[in-house]
Amino acid sequence: MTSTPASRQTPLVSAQQFRDAMAELASPVTVVTAPDGRGGRRGCTASSVTSVSLDPPLLQVAVARTSSSHRTLITSREFVVHVLADRHRWLADRFARRDIDRFAGAGFTTWPGTDLPWFPDATAALRCLTRETIPVGDHTLLIGALSAVRAGPVQDAPSDALLWYRRAFHALA
């Protein structure tokens, strides 16, 4: 019995059907940042961040190939995932926009001893060493090995978590 590789099979649902179904899956909202290697900083809003392994601690970020930060994020040796609270909606919105300086006036600094862009007010900041990049469909999976974790200045209540659900930002109720 032979099977056809999934990449050559005809999709059973349309992209819009898939998008509509995925809108029912609540996801954490993060901002992922990295230095661009030329003294600049790049970053984007990401809701496709997932724990991959506890031993060793690994996570993955799905980065759209159309993102203006794609090249920087997948070629950087390190990156930071910032977990956002409800009070950071403005930041998530800013990092989802194009053709603006996403970092201007946003309160970013650098991770001590590095050139990594860091937002100290994030609920948590996860510093990652790039372990692997995997092209998949219209995204690239960025696999990071955690090298450090920093909690924000205030421990947010669970109800303060910022989520992406039904194509809008929400906080837990």
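Scroll up to find the structure this text is about.
Numbers given to residues run from 1 along each chain, matching the order in which its sequence is written. The model is predicted, so local features are restricted to residues of pLDDT at least 70 and side-chain atom pairs to those at 80 or more, both for listing and for counting; the totals for chains, interfaces and linings are taken over all residues. For side-chain calculations, the full set of non-hydrogen atoms in the structure is used, while hydrogens and water are omitted.

**So, the pattern of salt bridges**
- For this analysis, a salt bridge means a side-chain nitrogen from Lys or Arg found within 4 Å of a carboxyl oxygen belonging to Asp or Glu. Counting across every chain of the model gives seven salt bridges.
- Arg-87 is the salt-bridge partner of Asp-121, the closest N and O atoms lying 3.2 Å from each other. Of this pair, Asp-121 sits in the loop between strand S8 (117-118) and strand S9 (124-136) while Arg-87 sits in the loop between strand S6 (78-83) and helix H3 (89-96), and the two are 34 residues apart along the sequence.
- Relative accessibility decides the category of a residue: with a 1.4 Å probe and only protein chains considered, values under 20% of the type maximum give buried, values over 50% give exposed, and everything between is partly exposed. Residue classification places Arg-87 among the partly exposed residues on the basis of a relative accessible area of 36%.
- Note that Arg-97 is salt-bridged to Asp-93, the shortest N-O span being 3.0 Å. Comment: elements are numbered from the N terminus, with helices defined as DSSP H or I runs of at least four residues and strands as E runs of at least two.

**Concerning the sheet that holds strand S11 (residues 162-165)**
- Only strands that DSSP links by at least two bridges are regarded as paired with each other. The sheet built from three strands is open, its strands ordered S1-S11-S12 with antiparallel pairing. In this open sheet, the two edge strands, each paired with only one partner strand, are strand S1 (27-28) and strand S12 (168-171).
- Strand direction decides the pairing type here: S11 and S12, joined by four bridges, are antiparallel. Looking across to S12, one finds that Leu-163 is bridged to His-170.
- In what follows, a contact means two residues having at least one pair of non-hydrogen atoms within 4.5 Å. Axis definition: a line fitted to C-alpha atoms, limited for helices to the stretch in contact. Angles are taken between N-to-C directions and run from 0 to 180 degrees. Against the sheet, H3 makes contact with S11 and S12, and its axis sits at roughly 155° relative to S12, the strand it touches most.

**Digging into the environment of Ala-85**
- Residue placement: Ala-85 occurs in the loop between S6 and H3.
- Taking the C-alpha atoms as reference points, Ala-85 and Val-29, 56 residues apart in sequence, are found 8.2 Å from one another.

**Focus: the environment of Ala-34**
- With respect to the helices and strands, the residue Ala-34 is situated in strand S2 (residues 30-35).
- Residue class for Ala-34 comes out buried when judged on its relative accessible area of 0%.
- Sequence-distant contacts of Ala-34, that is, excluding residues within four places in its chain, are made with Arg-41, Arg-42, Thr-72, Leu-73, Ser-76, Glu-78, Phe-79 and Pro-117.

**Section: the state of the cysteines**
- A pair of cysteine sulfur atoms is labelled a disulfide when the two atoms are within 2.5 Å. Counted by the stated rule, this structure contains zero disulfides.
- Here Cys-44 is not cross-linked by a disulfide; its sulfur's nearest cysteine counterpart is in Cys-128, at 13 Å.
- Classification of Cys-44 as buried rests on a relative accessible area of 8%.
- The exposure class of Cys-128 is buried, given its relative accessible area of 0%.

**Some details on the sheet that holds S9**
- Here seven strands make up an open sheet; going across it, the order is S3-S2-S6-S9-S10-S5-S4 and the pairing antiparallel. Two strands bound the open sheet, and with one partner strand each, they are strand S3 (41-46) and strand S4 (49-54). Each adjacent strand pair in this sheet contributes to an overall mean axis angle of 30°, direction not counted.
- In terms of strand pairing, S2 meets S6 through four bridges, oriented antiparallel. Residue Thr-33 lies in a different strand from S6, and its bridge partner there is Val-80.

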